[in-house]
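Each chain is listed here by its residues.
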Amino acid sequence: MITISGQAVHRQLAIGRLQYLSKTHPELLRMPAGDTEAELAAFRKAKAEVVGRLRELYRESVPKVGELLAHTFEIHAMMVEDEAYSGMVETMINSEKVTAAYAVAATGRHYAQMLAQMEDPYFRSRSEDIREITERLTDVLLGNHHEVTLTEPVILMAEDLAPGETMQLDHSRILGIVTHYGSESSHAAILARTMNLPAITGIAIRDEWDGHEAVVDGENGLLIVDPDAETKEVYERKILRKRQEEDELAALLPLPSETRSHVKIPLLANVGSVADAAAAAEMGAEGIGLLRTEFLCLAGEDYPSEEQQFETYKSVIAAVQGKPVTIRTFDLGADKRASYMQLPEEDNPDLGFRAIRISLAEEEPFRAQLRAILRAGAYGNVSVLYPMVSAEWEMRRISDIFREEKEKLQEAGIPVGDVSQGIMIETPAAAILSDRFAGYVSFFSIGTNDLTQYLLAADRRNLTVAPYYDPHHEAVTRMIAHVVEEAHKNGVTVSVCGELAADVTATAELVRIGVDALSVAPNSLLSVKRAVRECD
Ligand code: PEP
Ligand code: MG
């Protein structure tokens, strides 16, 4: 029996046989091409063939994994057709006189490395997409065939799992996923979560394990190869208990989130992508309480355009089928920065230039984001949420900008929605002055992650002071109670969207205080619903 520790991606358990998906793409050697025209023609033909196959895979995958995940194939098709990518391949073929396969491999490596260096895990994991389309193209150019068929239920083990590759497999035959590379936000990870499969990454894969029995412990990030009888029995019992627990929670799906005395506590979801929003809808979220939009900013050379944002927000609205969507404006700065933002180096970035402070200092990106939100509002029930507000003058400025942008759109005859405004209560100042802020907005969302760090003077990312960072501290509880009281006196609703909202040991207290809604990660929705239903 060997136990290897990795990083947990999805907290599930499985026992089964390992199947090794070998990496069949050796580095391509630089090959001079005899006939440049023939290489260019081969590349264009391969491109057309790959795009055709990807569109076919898209159609086949929709019924298997849903529109949103299947959309990956559409995105891959667009990437193959992307002019920058194709342009670089063709330039290499022309100027360096290399083969099409080599030019494709080198171009893919260039873009994959560029994305892999990005700070944000979401964009880092997009380098997988580049690698995958590159491999599809080189396979066609070299005449390789790599499609795998599963004949029995297995635990997949691979250095890296390309998203499309995973989606092409027969899902009823996948028990779990173990990879060496890949992040928590990679497609394989998203798919594992969507299919509720145990998944771990960071495991140094050994091909000799192929065919061996193994346990995947996605709760503790463990792979146990050749488990002994005792270990196997322990896990079999755990799996059984987990199934019972899941069945219990699944039974709650159609039931309302309300206390024993029938007080309704809507459960909303915190999401950071369109795929998360779809997962939230499936888990019964009554809407999106917090759409973290920073993921749109952390790649590329500049802020995302108004159009790009408009399309993404519309996709989120579509994913939750018309339920309310609260879009938080960019919460950049501190640990979320890209080079084009030219943010200053700071000694205390959490107390520095971040969130709404950046938006108000660099108005144009903020105005573009508000326009995108207002326009998306015409397609659903949309609210806008401002992060880290701490002074009343900020709120006056925000209200002016919001009104100006709305009027400009209306004057231009562009449809806008009736978008309501809210602020995150994350600073003690906003909490203490909540009666004042209530005059500007129709809802508050309490960000207990930041509120705790600012109130208790304990950095949320500094493990040394972790014992001081306590969202259950009485000072935090009293501050939440103060905000709720002032909000309700002034006709403003309050939700909690920090991690405390998903902590079932806090649910009864939050409900007692009078919080109107809770917004939690999609996979916490059902456990929080159970906690709400147990409240008096
Ligand atoms: C919070 O601060 O509680 C919050 C929800 O915002 P974030 O975790 O994105 O800072
Ligand atoms: Mg915050």
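Placed above this text is the structure.
Reading the values: rules and limits
Residues numbered from 1 in each chain as written. Chains lettered and ligands numbered in written order. Predicted model: local features only at pLDDT ≥ 70, side-chain atom pairs only at ≥ 80, totals over all residues. Heavy atoms only, no water. Near = heavy atom within 4 Å. Polar contact = N/O pair within 3.5 Å; in protein donor to acceptor, adjacent residues only side chain to side chain. Areas by Shrake-Rupley, 256 points an atom, 1.4 Å probe, with all protein chains shown as cover. Donors = N, O, S within 2.8 Å, 3.2 Å for Na, K, Ca; no water. Helix = DSSP H or I, 4+ residues; strand = E, 2+ residues; numbered from the N terminus. Buried < 20%, exposed > 50% of the residue type's maximum accessible area, 1.4 Å probe, protein only. Pairing = 2+ DSSP bridges. Axes fitted to C-alpha atoms, helices over the stretch in contact; angles between N-to-C directions. Contact = heavy atoms within 4.5 Å. Phe/Tyr/Trp six-rings, centres within 6.5 Å; stacked < 30°, edge-to-face > 60°. Lys NZ or Arg CZ within 6 Å of the ring centre and 35° of its normal.

Undergrad: Just to check I follow, could you spell out the site of ligand 1 for this structure?
TA: Close contacts around ligand 1 come from 13 residues, with Arg292, Arg328, Gly447, Asn449 and Arg460 the closest. Here an oxygen atom of ligand 1 and a backbone polar atom of Thr448 are 3.1 Å apart. Asp450 places a polar main-chain atom, nitrogen or oxygen, 3.0 Å from an oxygen atom of ligand 1. Computed on the free molecule, ligand 1 has an accessible area of 290 Å², of which 97% lies beneath the protein chains in the complex.

Undergrad: I'm lost on the coordination of the magnesium ion (ligand 2) in this one. Help?
TA: Angles at a metal have ideal values that depend on geometry: 109.5 degrees with four tetrahedral donors, 90 or 180 degrees with six octahedral donors. Surrounding the magnesium ion (ligand 2) are the protein donor atoms Glu426 (OE) and Asp450 (OD), which sit 2.0 to 2.1 Å from the metal. Here the residue Glu426 occupies a position in the loop between β13 (420-425) and α14 (428-432), and Asp450 occupies one in helix α16 (residues 448-455), the gap between them amounting to 24 residues. Of the residues examined, Asp450 reaches a relative accessible area of 2% and is grouped as buried.

Undergrad: Could you clarify how one ought to interpret the sheet that holds strand β11 (residues 325-328) in this entry?
TA: Strand-to-strand pairing in sheets goes through backbone hydrogen bonds, with the strands running parallel or antiparallel. Strand order in the closed barrel formed by eight strands is β9-β10-β11-β12-β13-β14-β15-β16, and the pairing between neighbours is parallel. Here the strands of the sheet are splayed against their neighbours by 25° on average, with no regard to which way each runs. When strand β14 (residues 443-446) meets strand β15 (residues 493-496), the two strands line up parallel, connected through four bridges. When the sheet's bridge partners are listed, Ser445 is paired in β15 with Ser495. Along the sheet, helix α12 (residues 363-376) contacts β11 and β12 (382-386); its crossing angle with β12, the most-contacted strand, is approximately 155°.

Undergrad: Explain the packing of aromatic side chains here, please?
TA: In this description, an aromatic ring pair is defined by two values, namely the gap between the centres and the angle between the planes. Applying the stated rule across the entire model yields five aromatic pairs. Measuring from ring centre to ring centre gives 5.2 Å for Tyr303 and Tyr340, while their planes differ by 75°; the resulting arrangement is edge-to-face. Taken together, the residues span a long stretch of sequence, with Tyr303 in the loop between β10 (288-292) and α10 (306-319) and Tyr340 in the loop between β11 and α11 (356-361) at a distance of 37 residues. Looking at Tyr303, the relative accessible area reads 16%, which means it is buried. Ring geometry for Phe310 and Tyr379: centres 5.8 Å apart, planes at 65°, overall edge-to-face. Residue Phe310 is found in helix α10, and its partner Tyr379 is found in the loop between α12 and β12; the two are separated by 69 residues along the sequence. Among the aromatic residues, those joined into a cluster by ring pairs are Tyr303, Phe330 and Tyr340. The ring of Phe310 carries Arg375 above its face, with NZ or CZ at 4.0 Å from the centroid.

Undergrad: Whenever I open this one, the sheet that holds strand β2 (residues 7-10) confuses me. Can you help?
TA: Taken together, eight strands build an open sheet; the order of strands is β1-β8-β7-β3-β4-β5-β6-β2 and the sheet is mixed. At either end of the open sheet lies a strand with only one pairing partner, and these are β1 (2-5) and β2. Adjacent strand axes in the sheet meet at a mean angle of 30°, parallel and antiparallel pairs treated alike. Pairing between β1 and strand β8 (residues 222-225): four bridges, direction antiparallel. Looking across to β8, one finds that Ile2 is bridged to Val225. The strands that helix α8 (residues 229-250) touches are β3 (13-21), β7 (213-217) and β8; relative to β3, the one it contacts most, it runs at about 115°.

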